[in-house]
Amino acid sequence: MSFTITKHLLVPKHSKVSDAEKQKLFAAYAITEKELPKILKDDPAIAALEAEPGTVIKIERNSPTAGVAFYYRVVANG
Amino acid sequence: MITMDRPVHKKISRMDFGLFSPKQIAALATAKVVTPELYDQEGYPVDGGLMDLRLGVIDPGLRCKTCGQKLKECPGHFGYIELARPVIHINFVRPVFDLLKSTCKYCSRILMPEEKAKRYLVLLNKVSEEEGFEARRRKVKALVTKFKVKDKCPHCQEKQEKIRLEKPYSFYESDIRLSPIEVRARLEKVSDEDVQLFGFASGFRPEWMIMTVLPIPPVTIRPSITLESGERSEDDLTHKLGDIVRINQRLFENINAGAPEVIIEDLWDLLQYHVTTFFNNEVSQLPPARHRGGQILKTLSSRIKSKDGRIRYNLAGKRTDFSARTVISPDPLISLNEVGVPLAIAMNLTVPERVTEWNKAHLRAFVERGPLLYPGANYVIKPDGRRKTITAETKDEILTELETGYIVERHLIDGDTALFNRQPSLHRMSMMCHRVKVLPARTFRLNPAVCNPYNADFDGDEMNFHVPQTEEARAEAEVLMLVETQLISPRYGLSVVGCIHDGITGNYLLTKELILQRPEAIDLLYTCGVRDFSRLPNKEKLDGREVFSVLLPADFNFSGTDRSGSEVRIKNGVLTSGLMDKANLGQESGLMLRNIYETYGPAYAAELLGKISKLGIAVLSRRGFSIGVSDMDLPAETKAEIQRIIAEAEKETLALIDRFHEGKLESLPGRTLVETLELRIMEVLNKTRNKSGDVAMKQVRDSAATVMARCGSRGNVLNIAQMTAIVGQQALRGKRIEHGFRGRTLSYFKRGDLSATARGFIKNNFKSGLRPHEYFFGAMTGRDALMDTALRTPKSGYLYRRLSNAMQDLKVDYDGSVRDASGKIVQFAYGEDHLDVSKTKGGELDVKKIVEQME
C-alpha cells in the first residue's frame with residue numbers, strides 16, 4: 001500500500017523558498033546558511049520537492065500558541 | 001615562574017591531541033624508574049624509584065632535583081619505565097583492531113584498491129577543510145566502519161585471514177594468538193598514507209598505540225599522605241605503578257635468565273593486566289585491581305570520569321565560602337522578603353565594609369565589640385591585603401591602626417542581602433534573594449508563603465544561605481533575585497506565592513460570615529500592620545468585607561469569580577461581593593494578586609500579601625478554629641441511607657458476577673468478557689462512593705474540615721467523604737486489587753471470589769474504622785503510591801539534568817529568535833508567538849485590558 005506522508009495530518013506543509021525570499025530571511029535575522037537548522041536532502045517530507053543542498057525550506061506548522069508558525073530549514077547533504 | 005603581579009596573556013588558537021612516540025616519552029622524562037622500592041631505610045626516596053626526587057616534590061622543605069623549586073612551586077616532572085615486552089594501551093584496542101582487520105597480513109597495505117584509497121583521502125581532506133575537524137572525525141568513523149574485510153589483498157593478491165578480538169585485549173588470527181610484538185610489527189609496516197585513512201594526523205604512527213615505554217606521572221599528581229602514626233600511605237596510582245615496575249623487573253630477569261616461554265607469557269599477561277588497570281580499572285571483562293582490604297583502586301580514568309571525577313566534582317562543582325546550611329522552619333510573622341538567620345550563623349558569616357571618613361566611627365564600634373559580641377566583627381583587611389583576625393589580644397592594636405582604606409568584615413546584621421536556596425534547584429525561583437533578619441535559635445526561618453517556589457516543607461528540610469561579598473553582587477541580587485521580583489512565574493504567568501492555610505481560611509470566614517464590633521475590627525487590622533483607619537466605615541457593627549477592604553488600595557478595581565462560582569467585585573478598593581478564597585488569594589491561581597502586582601508593583605504586592613495573610617491568621621486566632629471527631633458524625637437516617645446505597649451496589653455487583661458466570665454478560669466493544677465485568681463493577685463502585693459522599697456532605701455540619709475544603713486551603717470533599725461515609729474502592733494500576741497466584745487476594749476469601757469486598761472495596765469510613773482486610777487493601781495502595789514516588793523522583797531528576805544540560809546556553813536574541821551559543825537558530829520566534837509568559841495572565845495576553853488602559 002503506498003502512502004503519501006505529505007498528505008498526512010501531522011506532517012506540516014514544506015515548500016521551497018525563492019531566492020529573493022531567502023535573501024530577505026537572511027537579512028531579517030542577520031544570518032547565513034550556517035545558522036539555519038538543517039534538513040536532510042532525502043527527508044521524506046521534502047523528497048518530492050527535489051531540493052538541492054542550499055535551498056531553504058519553509059515549514060508552516062500549526063501552533064497551539066500562535067496559530068501558524070513558520071520555520072525555515074536549509075537542505076543539507078547526508 | 002608566572003606570578004600574579006605580571007599576568008601572561010596568551011590566546012590559544014588551537015590544540016592538537018595525539019600520541020607520544022616512545023622516543024618522545026623518554027625525552028620528556030626526567031628519570032628512568034627501575035626499582036619498585038619507594039624509600040630507603042632512612043625514609044628517603046630511592047633514586048630510580050617511583051618517588052624519585054627528580055619527579056617533583058611533595059615534602060615541605062625538600063627541593064626538586066630537576067627544577068630546584070620547592071613544594072607548591074615545582075609542577076612535577078614525568079619519568080618513564082622501559083617495558084620488558086610491549087603491551088597494548090587499553091583505550092586504543094578498537095583502532096588497533098580496525099587497523100589489523102583492514103590491512104594486508106603480508107604487504108601491510110590497506111585492503112582497498114589504490115584509486116579508491118586515493119579518492120577517499122581527497123574526500124577526507126575536502127571534508128575537513130570545508131566543514132572542520134568535527135566533520136572529518138565523523139567521516140573517518142564512517143569510513144572505518146565501511147572497510148570490509150576482504151579475503152584477498154588487492155595489492156599482493158595474498159589470501160587474508162580473519163582477525164578476531166577477544167575482549168578486552170587479545171587478538172586472534174585463525175585461532176592463533178597475536179602477541180603485542182606481532183601486532184606492533186604489523187602496524188609498523190603500514191604506510192603513512194594508508195594510516196591517514198584511519199584518521200591519523202601526519203606525524204603520528206599507529207604502532208605507538210602498543211607501548212614499549214610507559215610514562216610515569218609526576219609524584220605531584222599522586223602525593224602520599226602521612227598518617228597520624230607517622231606511617232606513609234601511598235596514592236592508588238603509586239600502588240599501581242609499583243605493581244607494574246615489580247612485574248616488569250621480574251619479566252626482565254626471567255627473560256635474561258632464559259626462563260621457559262610459559263613463564264614469560266604468564267608474566268607478560270600480568271604486565272598487560274597491570275598496565276591496563278593503571279589506565280582504566282573499570283574494564284568490563286577484567287577483575288578490578290584492589291587494595292589489600294578489597295577496596296577498588298582509583299586509577300587514571302576513574303579520576304576523571306563520572307560524578308566523583310575531576311570534571312563533575314572539581315571543575316563543574318565548586319565549593320563556596322560565606323555560606324551556611326541548616327534546617328528551616330516557618331515564621332509567618334517575618335516578611336516575604338526576609339529570612340530568619342540564627343545568631344550563631346550571623347556571627348560567623350561576615351560582610352566586608354570599607355572604612356571611609358563617614359563610617360569610621362560606625363565600623364570602629366563593630367571592631368570594638370569583637371568576634372564574641374553581637375554585632376561585632378571577625379577580621380580586618382589592611383590596605384596591603386593582609387588579613388588580621390580580631391581577638392581579645394589583637395583588638396587594641398587593630399583599633400589604634402584602623403584607618404580609612406581598611407576593610408572591616410563585620411557580622412551579618414538585619415537588612416543585609418543574602419541568597420537563599422533549596423535543592424533541587426529546578427527553576428530560577430529555587431534561589432532567591434532575601435533580607436537578613438537575625439533571630440535566636442538555630443534554624444533558618446522563612447515565611448510559609450515562599451515554601452511553594454522553593455518546594456520546601458518543614459519535615460526536616462535544610463536550605464543553603466550565601467552572603468554576597470561585593471556591592472555589585474548585592475545590587476545584582478537585589479534587583480534581579482529579590483523574592484518580590486519573583487512573584488510571577490515565568491512558567492504560567494501567575495503568582496507563585498499566595499496566602500496558604502490559615503491565611504485563606506481566615507479571610508474566607510471574615511468575608512463570608514463575620515460581623516465585628518468596631519474595636520474588634522480595629523484590633524484585627526492593627527495586628528496586621530494597618531495604622532490608618534480612615535478607610536474603615538464609621539459604624540459600630542462592621543461587615544467582614546468592610547474590614548478586609550481596608551487592606552486594599554483605594555483605587556483598586558477588580559472583577560473575577562470565587563471557587564463557588566459567584567462573582568467577586570472590588571470597586572474603588574471595596575469588596576462589594578464575593579468571597580476571598582483560594583481562587584483569589586491562593587498561590588498559582590487567581591488574578592487578584594496578579595492584578596495588584598501589575599498595577600501597584602512588586603513591593604506593594606509583597607507587602608499586601610503579608611498583611612492579608614496576617615489578617616487571616618488573626619481572624620482565626622480570635623474566632624477559634626478547631627476540629628473534632630464529632631464533626632464527622634452523621635444523623636442516623638443519613639447513615640442508613642449510605643448503608644442502603646452500599647447494599648444496593650453490592651447487590652448490583654453480585655448480579656453482574658452472576659450474569660458473567662451464566663454467560664449472559666455482553667462484552668463491551670474491544671474488551672474481553674472479564675475486562676467488561678471489571679469495568680462494569682468499577683463503574684458501579686465508583687458511583688457508589690460519589691453518591692454516598694454527596695449524601696454525607698449534605699449532612700456534615702459546618703465543621704472546620706468543610707470550611708477548609710470549601711475555601712480550598714486544605715483538603716477536599718473526597719477526604720471528608722472518606723472520613724464520614726465510605727473510603728471506597730482501592731485500585732492498583734487502575735484495576736481492582738488482583739487475586740495474585742492463588743486465586744484470591746487474602747486467605748480470608750474464597751478462591752475466585754469476584755465480589756466487591758474480596759477485591760479491595762472498603763465500605764467503612766475512617767471514623768467507623770476499617771475491617772482488617774480493608775486495612776490491608778488500604779496499605780497495599782498506600783505502599784504502591786510510596787514506591788511510585790520513590791522511583792519517579794530520581795528518574796525525573798535525571799531527565800531534567802539531561803534537558804538542562806542540553807539547553808543551558810539557549811537564549812532569546814534581540815530579534816526574538818532563540819539561538820544557541822554559536823548563534824545558530826533554534827526557534828525563529830520564541831515559543832512561536834514571541835510571548836513572554838511572565839507578562840501574560842496564565843499564558844493569555846489580555847488584549848481587551850490593554851486597550852482599556854490605552855483609552
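About the cut-offs
Residues numbered from 1 in each chain as written. Chains lettered and ligands numbered in written order. Predicted model: local features only at pLDDT ≥ 70, side-chain atom pairs only at ≥ 80, totals over all residues. Helix = DSSP H or I, 4+ residues; strand = E, 2+ residues; numbered from the N terminus. Buried ≥ 20, exposed ≤ 12 C-beta atoms within 10 Å, placed from the backbone. Contact = placed C-beta atoms within 7 Å. Rg over C-alpha atoms; globule rule 2.2 N^0.38 Å. Axes fitted to C-alpha atoms, helices over the stretch in contact; angles between N-to-C directions. Parallel < 35°, antiparallel > 145°, perpendicular 65-115°, else oblique. Nonpolar A, V, L, I, M, F, W, Y, C, P; charged D, E, K, R; others polar. Domains from an automatic or database assignment. Pairing = 2+ DSSP bridges. Core = buried A, V, L, I, M, F, W, Y, C linked by C-beta atoms within 7 Å. Expected span 1.5 Å × (residues − 1). Arc of directions from axis to C-beta. pLDDT = per-residue confidence, 0-100.

**Student:** Sorry if this is basic, but what is going on with the overall build of chain A here?
**Tutor:** Along its length, chain A carries one helix and four strands. Mapped from its N terminus to its C terminus, chain A presents α and β elements in the order β-α-β-β-β. Taking the principal axes of its C-alpha atoms as reference, chain A extends roughly 45 × 35 × 20 Å. Across the 78 residues in chain A, those meeting the buried criterion constitute 17%. In chain A, the share of contacts with a sequence separation of at least 24, taken over all contacts with a separation of at least 6, comes to 58%.

**Student:** What is the right way to look at the overall build of chain B in this model?
**Tutor:** From N to C terminus, chain B includes 25 helices and 30 strands. Relative to the globule expectation of 29 Å for 855 residues, the C-alpha radius of gyration of chain B, 39 Å, shows a markedly less compact shape. Considered along the principal axes of its C-alpha atoms, chain B spans approximately 110 × 100 × 65 Å. Considering chain B as a whole, with its 855 residues, one finds that 30% of them fall into the buried category. In chain B, of all internal contacts separated by at least 6 residues, the share reaching a separation of at least 24 is 65%.

**Student:** Honestly, unusual backbone geometry in this entry has me stumped. Any pointers?
**Tutor:** Following lysine 167 of chain B, the chain continues to proline 168 of chain B via a peptide bond in cis, the omega torsion being 0 degrees. Relative to the assigned elements, proline 168 of chain B resides in the loop between β3 (163-166) and β4 (170-173). In this structure, alanine 30 of chain A takes a positive phi of about 50 degrees despite not being glycine. Its place among the elements puts alanine 30 of chain A in the loop between α1 (19-29) and β2 (38-40). Residues other than glycine seldom take positive phi values, yet serine 108 of chain B does so here, at roughly 60 degrees. Along the chain, the position of serine 108 of chain B falls in the loop between α2 (93-101) and α3 (114-146).

**Student:** Would you mind showing me how to read the packing of helix α20 (residues 636-662) of chain B against helix α21 (residues 673-699) of chain B here?
**Tutor:** Geometry of a packed helix pair, given as the angle between the helix axes and the separation of the axes. Residue and element names in this part refer to chain B. Packing of α20 against α21 leaves a shortest axis separation of 10 Å and a crossing angle of 175 degrees. Taken as axis vectors, α20 and α21 run roughly antiparallel relative to one another. In this structure, α20 uses Thr638, Glu641, Ile642, Ile645, Ile646, Ala649, Glu652, Thr653, Leu656 and Phe660 to contact α21, whose residues at the interface are Leu673, Leu677, Arg680, Ile681, Val684, Leu685, Thr688, Lys691, Ser692, Val695, Ala696 and Gln699. The residue makeup of the contact of α20 with α21, split by class, is 13 nonpolar, five polar and four charged.

**Student:** Can you help me understand the interface of chain A and chain B in this one?
**Tutor:** It is common to give the size of an interface as the accessible area that goes away when the parts come together. In this complex, chain A contributes twelve residues to the contact, which on the side of chain B involves eleven residues. If one sorts the elements of the side of chain A that touches chain B by residue count, strand β4 (residues 67-76) of chain A sits on top with four residues. Within the side of chain A that touches chain B, the residues separate by chemical class into nine nonpolar, two polar and one charged.

**Student:** I keep staring at the domain arrangement of chain B and nothing clicks. Help me out?
**Tutor:** Considered domain by domain, chain B is made up of domain 1 (89-209), domain 2 (235-315), domain 3 (323-486), domain 4 (502-623), domain 5 (629-774) and domain 6 (811-854). Each of domain 1 of chain B and domain 3 of chain B was reduced to a C-alpha centroid, and the two centroids are 63 Å apart.

**Student:** In this structure, what is going on with the sheet that holds strand β23 (residues 574-577) of chain B? I would like to understand it.
**Tutor:** Sheets are built from strands paired through backbone hydrogen bonds, the pairs being either parallel or antiparallel. Residues and elements named next belong to chain B. Read from one edge of the open sheet, three strands run β21-β22-β23, paired in antiparallel fashion. Across the chains shown, the open sheet's two edge strands, defined by having one partner strand only, are β21 (558-561) and β23. When strand polarity is set aside, the average angle formed by the axes of neighbouring strands in this sheet is 25 degrees. Pairing between strand β22 (residues 567-571) and β23: three bridges, direction antiparallel. Bridging across to β23, lysine 571 finds its partner in valine 574.

**Student:** Help me out: how do you make sense of the pairing of strand β14 (residues 407-411) of chain B in this one?
**Tutor:** Regular strands place side chains that alternate from one sheet face to the opposite one. Residue and element names in this part refer to chain B. Of all the five residues making up β14, four are buried; the element is thus mostly covered by neighbouring parts of the structure. Bridge count between strand β11 (residues 350-354) and β14: five bridges; the pairing is antiparallel. Each bridged residue has a counterpart across the sheet, and for proline 352 the counterpart in β14 is glutamate 409. Strand direction decides the pairing type here: strand β12 (residues 377-381) and β14, joined by four bridges, are antiparallel. Residue valine 380 lies in a different strand from β14, and its bridge partner there is valine 408.

**Student:** So what exactly am I meant to see when it comes to the sheet that holds β3 of chain B here?
**Tutor:** Residue and element names in this part refer to chain B. A sheet is described by the order of its strands in space; here three strands give the open sequence β3-β4-β5, paired in antiparallel fashion. In this open sheet, the two edge strands, each paired with only one partner strand, are β3 and β5 (176-178). Each neighbouring strand pair of the sheet contributes to a mean axis angle of 35 degrees, computed without reference to strand direction. When β4 meets β5, the two strands line up antiparallel, connected through three bridges. Paired with phenylalanine 171 across the strands is leucine 178, a residue of β5.

**Student:** Help me understand the nonpolar core in this model?
**Tutor:** As a rule of thumb, soluble globular proteins bury nonpolar side chains together. Residues and elements named next belong to chain B. Core analysis: the largest hydrophobic core is formed by 93 residues, its most contacted members being Val547 and Leu609. Among the elements that take part in this core, helix α19 (residues 592-623) stands out by supplying twelve residues, more than any other. Every residue in contact with valine 547, bar those within four places of it in the chain, is listed here: Leu510, Leu516, Ala521, Leu524, Leu525 and Leu542. Within the second largest apolar cluster, 45 residues are counted, among which are Val57, Ile88, Leu214 and Leu271.

**Student:** Hey, could you run me through helix α24 (residues 772-807) of chain B in this one?
**Tutor:** An α-helical segment advances 3.6 residues per turn. Residues three or four places apart therefore align on the same side. The terminal C-alpha atoms of α24 of chain B, which comprises 36 residues, lie 52 Å apart, in line with the 52 Å expected from a rise of 1.5 Å per residue. In terms of residue burial, α24 of chain B counts as a barely covered element, since only one of its 36 residues are buried.

**Student:** Would you mind showing me how to read the pairing of β4 of chain B here?
**Tutor:** Residues and elements named next belong to chain B. In the sheet, β3 pairs with β4 via four bridges, with the strands oriented antiparallel. Directly across from isoleucine 163, in β4, lies its bridge partner glutamate 173. Connecting β3 to the antiparallel partner β4 that follows it, the hairpin turn spans three residues. From the end of β4 to the start of β5, which pair antiparallel, there are two residues, and serine 174 there has a positive phi angle of about 40 degrees.

**Student:** Would you mind going over helix α23 (residues 717-724) of chain B with me for this structure?
**Tutor:** Residue and element names in this part refer to chain B. Among the residues making up α23, those that are buried are Ile720, Ala721, Met723 and Thr724. Along the axis of α23, the buried positions cluster into a sector of 160 degrees, meaning they face one direction only. In this structure, the buried residues of α23 make contact with α21 and α22 (704-711).

**Student:** In this structure, what is going on with the environment of leucine 732 of chain B? I would like to understand it.
**Tutor:** Following the sequence through the fold, leucine 732 of chain B ends up in strand β25 (residues 731-732). Beyond its immediate sequence surroundings of up to four residues, leucine 732 of chain B is in contact with Ile737, Glu738, Met780, Thr781 and Asp784 of chain B.

**Student:** Would you take a moment to explain the environment of threonine 220 of chain B for this structure?
**Tutor:** Residues and elements named next belong to chain B. Here threonine 220 lies in the loop between β6 (210-216) and β7 (225-226). As a C-alpha pair, threonine 220 and glutamate 478 span 258 residues in sequence and 44 Å in three-dimensional space. Residue contacts for threonine 220: discarding those within four places in its chain leaves Gly56, Ile58, Pro75 and Gly76.

**Student:** Which parts of the structure should I look at to understand the environment of valine 367 of chain B?
**Tutor:** Residues and elements named next belong to chain B. With respect to the element layout, valine 367 can be found in helix α11 (residues 360-369). For the pair formed by valine 367 and glutamate 73, sequence separation is 294 residues and the distance between their alpha carbons is 37 Å. Beyond its immediate chain neighbours, meaning those up to four positions away, valine 367 contacts Ala377, Val380, Ile390, Ile398, Leu399, Leu402 and Val408.

**Student:** Help me understand the packing of helix α15 (residues 502-512) of chain B against α22 of chain B, please; the structure alone is not making it clear to me.
**Tutor:** Residues and elements named next belong to chain B. At a minimum axis distance of 10 Å, the contact between α15 and α22 shows a crossing angle of 95 degrees. One finds that α15 runs roughly perpendicular with respect to α22. Facing Ile504, Thr505, Tyr508 and Leu509 of α15, the residues of α22 in contact are Val707, Met708 and Cys711. The residue makeup of the contact of α15 with α22, split by class, is six nonpolar, one polar and no charged.

**Student:** Help me understand the confidence of the model for chain B, please; the structure alone is not making it clear to me.
**Tutor:** For residues with low pLDDT, the predicted coordinates do not support detailed interpretation. Model confidence for chain B is summarised by a mean pLDDT of 88, while 99% of its residues fall at 70 or above. Confidence metrics for the complex model read pTM 0.74 and ipTM 0.92.

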